[in-house]
Amino acid sequence: MKLTPILLYSAYALASPLHRRVAKLSPVTRNGTNLLVDGKVWKMVGSNVYWLGLDENVIPPEGEPFYAPTNASYPTKERITEAMATVRALGGTMIRGHTLGVSTGNPLSVWPEARVINEEAFNSIDWAVYQAGLYGIRLLVPLVDNYDYYHGGKYNFLRWGGFDLNMQRDENNPLVQQFYTNSTIVDMFKDYIKTIITHRNQYTNLTFAEDPTIFAYETGNELLGPVWGDMDSPADWVREIAQYVKSLAPQKLVVDGTYGVNKTHLGIEEVDIFSDHMYPVNTTKLQEDIELVEAAGKPFFTGEYDWVGGDTDNLQSMFKVIEESPAVAGDTFWSQFGHNAPDCNKYVNHSDGLALQYGNPGNTANQNSRIQLIRQHFLAMSQNEEIAPDEPLPAVPCPAPTSPLRR
């Protein structure tokens, strides 16, 4: 039977998980190793969608903002909304979004230069936070990156502070520690944090400090010192940044953004969650991390992992450990992409081979089976729901609706 557009939308709305009614979001709190929402245990499961505030993968139409040296552009509203709809279809509860908080050093950034605010850069960030709230998706926002990529990071602050350093040449230079120890640079970074957290969203009229959609800030992404794997973001710096975030936003949780679990950080009262990244998936390392963090009375979070490489049994084993460990708050895979919306005929690609493109007809059988496995895991974590690993994936329309139903 051929349905009219109104009937077609109505049939879709009744059938789609995107149109489950969602309640107004409440703050996430912590009690020991548990995260809670309205007094009930809440799990943080979802994806890394690093490009929500600023992208590097699409050349926009002529006349749109574009910074060619780093291929930086603002993502479309349609791409952002589809990302929220996809996480919801997967049974996820949250997104880790780097460029919602890391945006420094190029003309399209929130801070193109030290203490210079580019209000236009907040347009895509505001839309992402607004749409996440409508979809019932909470956000974890890193505040700086260890690297020198298109969206910025610690090297911008080092250069603004008078140190002529770049990652390609100076990754192992001891002077990179000045980011953590130089009081002028630390104060500058704190000013940047204030710019982000106190910003008022044009769609919600809430500051990011006030909006429960953003449930946590992360001190950074994969923060290290001058030696790979050294986990040398000093405890004093982590404490100072965590305290500062909570002074601006007392209801936010703080995640230690060190790359790995640094034992010297476990006693920092203001840090709520510790994390690690799994490249490749390593259940032995995962269990060691969990034991360390649980002993400190805090929850553990797997912030990134390779969802498509290695053996499927190993991925299943990781999910099993996470699901059976009460002290694990959740996990987010690396990383999610979708259509180049509003062009619904093309998908956005990323160069690292780890792009999860939900619903792409070009996916391999292995990719689709792993996406189904991720959905099974997310539903087990977020809704205590058991489904078969081969259950068909629910459709996500393109373009996705900007106003899903709410209670």
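No experiment lies behind these values; they were computed from the predicted model shown.

Cut-offs and rules
Residues numbered from 1 in each chain as written. Predicted model: local features only at pLDDT ≥ 70, side-chain atom pairs only at ≥ 80, totals over all residues. Heavy atoms only, no water. 1 Å grid on protein atoms, 1.4 Å probe; cavity = no way out; pocket = protein on both sides within 12 Å on 5 of 7 lines; lining within 4 Å. Points joined across faces, edges and corners; volume = space filled by probe spheres on them. Helix = DSSP H or I, 4+ residues; strand = E, 2+ residues; numbered from the N terminus. Nonpolar A, V, L, I, M, F, W, Y, C, P; charged D, E, K, R; others polar. Buried < 20%, exposed > 50% of the residue type's maximum accessible area, 1.4 Å probe, protein only. Pairing = 2+ DSSP bridges. Expected span 1.5 Å × (residues − 1). Contact = heavy atoms within 4.5 Å. Axes fitted to C-alpha atoms, helices over the stretch in contact; angles between N-to-C directions. Parallel < 35°, antiparallel > 145°, perpendicular 65-115°, else oblique. Phe/Tyr/Trp six-rings, centres within 6.5 Å; stacked < 30°, edge-to-face > 60°. Salt bridge = Lys/Arg side-chain N within 4 Å of Asp/Glu carboxyl O.

Participant: How should the layout of surface pockets be read in this particular structure?
Facilitator: Over the atoms, a rolled probe matching the size of one water molecule traces out where space is still vacant. The volume enclosed by the second largest pocket comes to roughly 400 Å³. Lining the second largest pocket are 22 residues, with Glu64, Tyr74, Pro75, Thr76 and Lys77 positioned closest to its centre. If you list the elements that add at least two residues to the lining of the second largest pocket, you get α2 (77–89) and α3 (122–135).

Participant: Just to check I follow, could you spell out empty space enclosed by the protein for this structure?
Facilitator: Counting across every chain of the model gives two cavities of 30 Å³ or more. The volume enclosed by the largest cavity comes to roughly 60 Å³. Lining the largest cavity are Pro27, Val28, Ala209, Glu210, Asp211, Pro212, Ile214, Phe215, Gln251 and Lys252. Partitioned by chemical class, the residues of the lining of the largest cavity number six nonpolar, one polar and three charged.

Participant: When you look at the pairing of strand β4 (residues 44–48) in this model, what are you seeing that I'm missing?
Facilitator: Within a regular strand, the side chains alternate between the two sheet faces. A large share of β4 lies buried, amounting to five of its five residues. Sheet analysis places β4 next to strand β13 (residues 328–334), joined by five bridges and oriented parallel. Considered in β13, the bridge of valine 45 is made with aspartate 331. Alignment of β4 against strand β7 (residues 94–96), held across three bridges, turns out to be parallel. Residue pairing across strands places serine 47 opposite isoleucine 95, the latter belonging to β7.

Participant: Looking at this model, I keep getting lost on helix α8 (residues 235–248). Mind explaining?
Facilitator: The periodicity of an α-helix, 3.6 residues per turn, causes residues three or four places apart in sequence to face the same way. In this model α8 runs 20 Å from its N-terminal to its C-terminal C-alpha over 14 residues, within 8% of the 20 Å that 1.5 Å per residue would give. The set of residues buried in α8 consists of Ala235, Trp237, Val238, Ile241, Ala242, Tyr244 and Val245. The secondary structure elements touched by the buried residues of α8 are α6 (178–181), α7 (183–197), β9 (214–218) and β10 (253–255).

Participant: How should I be thinking about the packing of helix α10 (residues 312–324) against helix α11 (residues 365–383) in this particular structure?
Facilitator: Relative orientation and spacing of two packed helices are given, respectively, by the angle between their axes and the distance between those axes. Axis separation between α10 and α11 bottoms out at 11 Å; the angle between their running directions is 10°. In terms of axis orientation, α10 runs roughly parallel to α11. Residue-level contacts link Thr312, Leu315, Gln316, Phe319, Ile322 and Glu323 of α10 to Asn366, Arg370, Leu373, Ile374, His377, Ala380 and Met381 of α11. Within the contact of α10 with α11, the residues separate by chemical class into seven nonpolar, four polar and two charged.

Participant: Whenever I open this one, the packing of aromatic side chains confuses me. Can you help?
Facilitator: Pairs of aromatic rings are described using the distance from one ring centre to the other and the angle between the two planes. Applying the stated criterion across every chain yields a total of 25 aromatic pairs. Between phenylalanine 157 and phenylalanine 189 the ring centres are 5.3 Å apart and the planes differ by 75°, which places this aromatic pair in the edge-to-face class. Taken as a pair, phenylalanine 157 in helix α4 (residues 154–160) and phenylalanine 189 in helix α7 lie far apart in primary sequence, 32 residues in all. Across the pair, phenylalanine 189 and phenylalanine 157 agree in class, each one buried. Seen from their ring centres, tyrosine 305 and phenylalanine 319 are 5.9 Å apart, and the 80° between their planes marks the pair as edge-to-face.

Participant: What is the right way to read the sheet that holds strand β11 (residues 274–278) from this model?
Facilitator: To summarise the sheet geometry, strands pair through backbone hydrogen bonds and adopt either a parallel or an antiparallel arrangement. Read from one edge to the other, the open sheet built from eight strands follows the order β10-β9-β8-β7-β4-β13-β12-β11, with strand pairing classed as parallel. Only two strands of the sheet have a single partner each, and these edge strands are β10 and β11. Adjacent strand axes in the sheet meet at a mean angle of 25° when their direction is disregarded. In this sheet, β13 lies alongside strand β12 (residues 300–305) in parallel orientation, the contact comprising three bridges. Bridging across to β13, threonine 302 finds its partner in aspartate 331. Sheet strands touched by α10: β11, β12 and β13. Its angle to β12, the strand with the most contacts, is close to 160°.

Participant: Hey, could you run me through unusual backbone geometry in this one?
Facilitator: The bulk of non-glycine residues show a negative phi, and the bulk of peptide bonds are trans. Residues tyrosine 279 and proline 280 are joined by a peptide bond in cis, for which omega reads 0°. The residue proline 280 is located in the loop between β11 and α9 (283–295) in this model. Cis peptide bonds are those with omega within 30 degrees of zero, and the linkage from tryptophan 334 to serine 335 qualifies with -10°. Turning to its location among the elements, serine 335 is positioned in the loop between β13 and β14 (336–337).

Participant: Just to check I follow, could you spell out the pattern of salt bridges for this structure?
Facilitator: One side chain can pair with another of opposite charge once the charged atoms of both are near each other. Summed over all chains, the structure comprises 16 salt bridges. When the shortest N-O distance is used, the salt bridge between aspartate 148 and arginine 159 registers 3.0 Å. Taken together, the positions of aspartate 148 in the loop between β8 (138–142) and α4 and arginine 159 in helix α4 put the pair eleven residues apart, joining distant regions of the chain. Residue aspartate 148 is classed as partly exposed on the basis of its relative accessible area of 23%. A relative accessible area of 31% means that arginine 159 is categorised as partly exposed. What emerges from the salt-bridge pattern is a single network uniting Arg30, Lys246 and Asp272.

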